[in-house]
Amino acid sequence: MVDGLEIRPLRDDDPPVIAAAFDELGWPKPESQYRKYLAEQEAGTRDVLVATVDGEYAGYVTVRWQSPYEPFDGIPEIQDFNVLPKLRRRGIGSALMDAAEAKVAERSPVVGIGVGLYPDYGQAQRMYVRRGYLPDGRGLIYDGRQVAPMETIRNDDSATLMFTKQLR
């Protein structure tokens, strides 16, 4: 575990800090996305867990209580999991996932997650398998729908494999 690590709910002062951190990396994650997450957290449709190390932003993960992926039908979905690259491989991501899974386990025996297919997602793919996530068996998903055999798609962030894990 990382010294000085704290995991807490998203706060009103977090959106500009998080957006600036990703802007610095050249990743387009606008402040409005985190304002929307804050509103969803307040409405009870999403929980957002933020990791800080010695008070500095390090990463976050969200739990969407009603997954838009139809086959999950009532299974909460972990979405938008990010740890700043300079802080990876230090246990922050595992701590965030532990906290998200514990939160889901209070309400559901199963959790779902999707992962992209290109190399940028390689660490996440390996992490999810090591944590006990199994593919849901529906194959390639694009924008939330199953891709038919022989159909051509673009390998972007919308191309995913969906996984589930038994929590209890």
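In this report, the structure presented in the accompanying data block is examined. Source: prediction; values computed, not measured. (Residues numbered from 1 in each chain as written. Predicted model: local features only at pLDDT ≥ 70, side-chain atom pairs only at ≥ 80, totals over all residues. Heavy atoms only, no water.)

### Some thoughts on the environment of P16
Phase 1: For P16, the position within the fold is in helix α1 (residues 14–24).
Phase 2: P16 sits 14 residues away from P30 along the chain, and the two C-alpha atoms are 8.4 Å apart.
Phase 3: Apart from the residues within four sequence positions on either side, P16 is in contact with E31 and R35. (Helix = DSSP H or I, 4+ residues; strand = E, 2+ residues; numbered from the N terminus. Contact = heavy atoms within 4.5 Å.)

### Considering the environment of E70
Phase 1: Mapped onto the fold, E70 is located in the loop between β3 (56–64) and β4 (77–83).
Phase 2: A relative accessible area of 70% means that E70 is categorised as exposed. (Buried < 20%, exposed > 50% of the residue type's maximum accessible area, 1.4 Å probe, protein only.)

### Brief notes about the packing of α1 against helix α2 (residues 31–43)
Phase 1: Running from amino to carboxyl end, α1 crosses α2 at an angle of 140°, the nearest separation of the two axes being 8 Å. On the basis of the axis angle, α1 is oblique to α2. Crossing angle aside, the handedness with which α1 passes α2 is right-handed. Between α1, through P15, P16, I18, A19 and F22, and α2, the contact on the second element is made entirely by E31, Y34 and R35.
Phase 2: In the contact of α1 with α2, the residues fall into six nonpolar, no polar and two charged. (Axes fitted to C-alpha atoms, helices over the stretch in contact; angles between N-to-C directions. Parallel < 35°, antiparallel > 145°, perpendicular 65-115°, else oblique. Left-handed = near helix turned anticlockwise from the far one by under 90°. Nonpolar A, V, L, I, M, F, W, Y, C, P; charged D, E, K, R; others polar.)

### Some words on the environment of D80
Phase 1: Along the chain, the position of D80 falls in strand β4.
Phase 2: With 19 residues separating them in the primary sequence, D80 and V61 have C-alpha atoms 5.7 Å apart.
Phase 3: Ignoring sequence-local partners within four residues, the contact set of D80 consists of K29, Q33, Y37, Y60, V61 and T62.
Phase 4: In this structure the side chain of D80 is engaged in a polar contact, spanning 3.0 Å, whose partner is the side chain of K29.
Phase 5: Within the structure, the side chain of D80 is placed 2.8 Å from the side chain of Q33, a separation counted as a polar contact. (Polar contact = N/O pair within 3.5 Å; in protein donor to acceptor, adjacent residues only side chain to side chain.)

### With respect to the side chain of R46
Phase 1: With respect to the helices, strands and loops of the structure, R46 is situated in strand β2 (residues 46–53).
Phase 2: Polar contacts involving the side chain of R46 include one to the side chain of Q79, which spans 3.1 Å.
Phase 3: Those residues in contact with R46 that lie beyond four places of it in its chain are Y37, E40, Q41, T62, V63, R64, W65 and Q79.

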